[in-house]
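So you can see what is in the structure, the chains are spelled out below.
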Amino acid sequence: MKGDCLVRMKEIPDKSVDCVIADPPYIMTKRGKSCSPNWMPDNMGENVFDGDIPNFYDWLFLCYQKLKNDSHIYIFTNTVSLQRILNDATAIGFKLHNIITMIKDTNMPNRWYLKCCELVLFMRKGLAYPINDMTSKDWLHVVMPKQKDGKLHVTQKPVKPVRMFVHNSTPLNGIILDPFMGSGTTGIACLNTGRNFIGIEKDDNYFSIAKNRILTRYNELQRGIK
Ligand SMILES: C[S@@+](CC[C@H](N)C(=O)[O-])C[C@H]1O[C@@H](n2cnc3c(N)ncnc32)[C@H](O)[C@@H]1O
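In this report, we go over the structure that sits alongside the text. (Residues numbered from 1 in each chain as written. Predicted model: local features only at pLDDT ≥ 70, side-chain atom pairs only at ≥ 80, totals over all residues. Heavy atoms only, no water.)

Comments concerning the overall build of the chain
Scanning the chain from terminus to terminus reveals eight helices and seven strands. Scored against the burial criterion, the 226 residues of the chain give a buried share of 46%. Relative to all contacts within the chain whose residues are 6 or more apart in sequence, the contacts with residues 24 or more apart total 75%. By element, 54% of the accessible surface of the chain is carried by carbon and sulfur atoms, the whole surface being about 11900 Å². (Helix = DSSP H or I, 4+ residues; strand = E, 2+ residues; numbered from the N terminus. Buried < 20%, exposed > 50% of the residue type's maximum accessible area, 1.4 Å probe, protein only. Contact = heavy atoms within 4.5 Å. Areas by Shrake-Rupley, 256 points an atom, 1.4 Å probe, with all protein chains shown as cover.)

Right under this line is the structure:
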């Protein structure tokens, strides 16, 4: 769906979604920017980080409404937004299960320890139920998408962790919602695991990038390409 998730999510029936995977635009503080290396594009802080950052409470509240009872949500976050997301999500009724750490093969300069990890809050709505693969660890090494390999979005996530989340928290043919679709990583994870996908993206360019990427993967799978 193209548009603002605060608007488009309202079209989804309540309690119809098996799992939410959300990678919201991050807040970057001045200190983050002030130590940005010179290889960062000048506009990097404007489009994705400083633009219209939707209020955490508002979109989390809609996610809660759309999720079925006894379901899971995964929220990518940095340390700057961690506390606010946790506070808002908890106030809405989500309960924290775990914080999953992605150990990246890249790092970001930072004056208070080099940033090598990204965090994913794993929370639930309603009663607790176990994940499908209980051997899954709460940390994993990931290879971040690179420009030279055709990276499509400035904050594109690798498919591997998202695939694990989708597999672990939904049944086959389950419905996964990603309110901040970006380049469509969650859509690819859903195709690869036989799940249904609802993605929302407000940026026209990223929306068509995601659509093409998902269609390309769909055609590959139709031709038997794993
Ligand atoms: C952190 S990126 C997601 C990247 C994605 N996980 C990927 O792997 O490509 C966040 C995305 O949310 C989009 N966005 C920001 N505010 C939005 C809103 N209110 N509704 C829908 N999309 C929004 C941005 O355009 C951006 O593409």
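Comments concerning the layout of surface pockets
Empty space within the second largest pocket amounts to approximately 640 Å³. Along the walls of the second largest pocket sit 34 residues, with Pro25, His153, Phe180, Glu201 and Lys202 positioned nearest its centre. Looking at the lining of the second largest pocket, the elements that each hand over two or more residues are helix 3 (44-50) and helix 7 (185-193). When grouped by side-chain class, the residues that make up the lining of the second largest pocket number 15 nonpolar, eleven polar and eight charged. (1 Å grid on protein atoms, 1.4 Å probe; cavity = no way out; pocket = protein on both sides within 12 Å on 5 of 7 lines; lining within 4 Å. Points joined across faces, edges and corners; volume = space filled by probe spheres on them. Nonpolar A, V, L, I, M, F, W, Y, C, P; charged D, E, K, R; others polar.)

Remarks on the pattern of salt bridges
Counted under the stated rule, the structure contains ten salt bridges. As a salt-bridge pair, Lys66 and Asp14 come within 2.5 Å of each other at their nearest N and O atoms. Of the two residues, Lys66 is situated in helix 4 (residues 56-66) and Asp14 in the loop between helix 1 (5-8) and strand 1 (17-22); the sequence distance between them amounts to 52 residues. The structure contains a network of salt bridges with shared partners spanning Asp23, Lys104, Glu118 and Lys157. (Salt bridge = Lys/Arg side-chain N within 4 Å of Asp/Glu carboxyl O.)

Some points on helix 4
For an α-helix, 3.6 residues make a turn, and residues three or four places apart therefore share a direction. For helix 4, every residue scored as buried is listed here: Phe56, Trp59, Leu60, Leu62, Cys63 and Lys66. The arc that holds every buried residue of helix 4, seen down its axis, measures 160°, which confines them to one face. Taken together, the buried residues of helix 4 touch helix 1, strand 1, strand 2 (67-77) and helix 5 (79-92). For helix 4, the capping residue at the N-terminal end is Asn55, with a side-chain oxygen 2.9 Å from the backbone nitrogen of Tyr57. (Arc of directions from axis to C-beta. Polar contact = N/O pair within 3.5 Å; in protein donor to acceptor, adjacent residues only side chain to side chain.)

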